[in-house]
Amino acid sequence: MMKTRKTVFFCKECGYESVKWMGQCPGCRSWNSFVEEPAAAKSGSRQSGGQPFVPVSEPVKLKDITLDREERSGSGMAELDRVLGGGIVPGSMVLVGGDPGIGKSTLLLQMCRNLASAGKSILYVSGEESLRQIRMRAERIGSFSDSLELLCETNLASVRSVIEKRKPDAAVIDSIQTMYDEDIGSAPGSVSQVRESTNVLMQLAKGIGVTIFIVGHVTKEGNVAGPRVLEHMVDTVLYFEGDRHASYRILRAVKNRFGSTNEIGVFEMENEGLKEVENPSEYLLTGRPRDASGSVVTCSMNGTRPILVEIQALVCQTNFGIPRRTTVGTDFNRVNLLMAVLERKAGLALGQVDAYVNIAGGMKMTEPAVDLAICIAIASSLRDFTVPDSALVFGEVGLSGEIRAVSQAQQRVQEAKKLGFQTVMLPEVCRSSIRDDSGISLVYVSHIRDAVRYFTK
Ligand code: TYD
Ligand code: MG
């Protein structure tokens, strides 16, 4: 009897598998997301009848597991190492997602270049660009050592056999959406192809200890295209993002089995490839207006690194009945909440004004420590007073107008001092955590009313 190929339905959003089509996915509740695809061939079929074959695995005691010092290797880029949690873990699998043209291929090629010159054997598999195109990109980046090998291939089986034969220290797959397995009938980039490719690569990474970097495209919503399981399967998920119009790029970890996910790495795209930005605060504060109303500098912690940014607010009389609020780079609802606090607890008449809040430089800041700076910026624009450009403000604002504690206050003050700020306004409750206040004047506040009054007096 002829065996017909079985097909199943997958949810494009979350990878939920079903034997029949459904309008709404029971897994993620999204509508019209099911696509029909051939089922992946099961490896190692079960014997029919009798005992199924089960390989014997023995459990081990936790204390019996020996820990060899996790030797991480540097990628030659401090910013990338920081996001990875202190370097590349051998045998790990890293997914790098991002918009087209943001610089994913450039970042990974630069990393390969550094690793290759450190004597590691590297395989760069490209399914998107021809060898000549890669060569052209490499020309811009600089000189490459001989231990970097390139492969233009989209067939998963060939990629697998090359990796198995060469056993490189690290391999880059650019991109997972171009890889395909002949045994699966669907087009490259479809849910089952992406899932199968990731599976195979995962086995290679864990089996022969190759570190694998995967490039992933992102969807309109900004998630890595393909099933969510992709993100579950890999060890680390990094997103490379940035404003299309600004030259700097931010590398952010959203999942990391070997480190914190708060860290960010900052790069700048130049003609010769990506350059690391070691001091993002300085970079972000260049060109800020001197003594202008509505502009306040604050400090937000990103992992271990404090970053200084300028908060801008513009308040004007509303032309229509309903005031308009717009925020860029910060949470819209949070700004509404802060405006309500300002109105009720600091006596500012914000009911009939439009308000626009912007984080300069296209940064995104959602840490509550920026609350106070947003409030002061709005008050400054409304009352038309200026906050001296040598002053920095941070603190969380509560619904009763109280200024609440923030973490790592000392580090924030230190960073402000390093960049030449003379005054820092911070929560009263942080007083005990400040150990060194030499060379900078600290203004402690406990209520939003006092904070606004300090700058208007
Ligand atoms: P690329 O790495 O191809 O992006 P992705 O792989 O994420 O799609 O980056 C392409 C962009 O970067 C392109 O717009 C050109 C720019 N670029 C530079 O500005 N300088 C350079 O040295 C390189 C290699 C690229
Ligand atoms: Mg690319």
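The paragraphs below set out a description of the structure included in this document. (Residues numbered from 1 in each chain as written. Chains lettered and ligands numbered in written order. Predicted model: local features only at pLDDT ≥ 70, side-chain atom pairs only at ≥ 80, totals over all residues. Heavy atoms only, no water.)

Overview of the side chain of Ser192
Looking at the element boundaries, Ser192 is found in helix H5 (residues 191–208). A residue is classified by how much of its surface remains accessible, and Ser192, at 3% relative accessible area, is buried. Among all residues touching Ser192, those that are not within four sequence positions of it are Phe10, Glu37, Pro38, Ile184 and Ser186. (Helix = DSSP H or I, 4+ residues; strand = E, 2+ residues; numbered from the N terminus. Buried < 20%, exposed > 50% of the residue type's maximum accessible area, 1.4 Å probe, protein only. Contact = heavy atoms within 4.5 Å.)

Details of the packing of helix H8 (residues 332–345) against helix H9 (residues 371–383)
To characterise two packed helices, one gives the angle between the axes of the helices and the distance between these axes. Axis separation between H8 and H9 bottoms out at 10 Å; the angle between their running directions is 60°. Taken together, the axes of H8 and H9 are oblique relative to one another. Here the hand of the crossing between H8 and H9 comes out right-handed. Contact residues: H8 offers Arg334, Val335, Leu338, Met339 and Leu342, while H9 offers Asp371, Ile374, Cys375 and Ile378. Taken together, the residues of the contact of H8 with H9 sort by class into seven nonpolar, no polar and two charged. (Axes fitted to C-alpha atoms, helices over the stretch in contact; angles between N-to-C directions. Parallel < 35°, antiparallel > 145°, perpendicular 65-115°, else oblique. Left-handed = near helix turned anticlockwise from the far one by under 90°. Nonpolar A, V, L, I, M, F, W, Y, C, P; charged D, E, K, R; others polar.)

Quick notes on the sheet that holds strand E12 (residues 273–276)
Taken in spatial order, the nine strands make up an open sheet running E6-E5-E7-E8-E4-E9-E10-E11-E12, and their pairing is mixed. On the outer flanks of this sheet lie strand E6 (148–152) and E12, each paired with one strand and no other. Strand-to-strand twist of the sheet, defined as the mean angle between neighbouring strand axes without regard to direction, takes the value 25°. Here strand E4 (residues 93–98) runs beside strand E8 (residues 211–217); their pairing, made up of six bridges, is parallel. Bridging from a neighbouring strand, Met93 pairs with Ile212 of E8. (Pairing = 2+ DSSP bridges.)

Quick notes on the site of ligand 1
Lining the immediate surroundings of ligand 1 are 15 residues, of which Gly101, Ser105, Thr106, Glu270 and Gly273 lie closest. Between ligand 1 and the protein, one listed contact pairs an oxygen atom with a side-chain N or O atom of Arg137 at 3.0 Å. Glu270 is positioned with one of its backbone polar atoms (N or O) 2.6 Å from a nitrogen atom of ligand 1. Protein chains bury 75% of the 560 Å² of accessible surface belonging to ligand 1 in isolation. Of all the elements in the fold, those that place two or more residues in the shell around ligand 1 are helix H2 (104–117), helix H3 (131–141) and strand E11 (264–270). Residue contributions to the shell around ligand 1 peak at three residues, all from H2. The residue makeup of the shell around ligand 1, split by class, is three nonpolar, six polar and six charged. (Near = heavy atom within 4 Å. Polar contact = N/O pair within 3.5 Å; in protein donor to acceptor, adjacent residues only side chain to side chain. Areas by Shrake-Rupley, 256 points an atom, 1.4 Å probe, with all protein chains shown as cover.)

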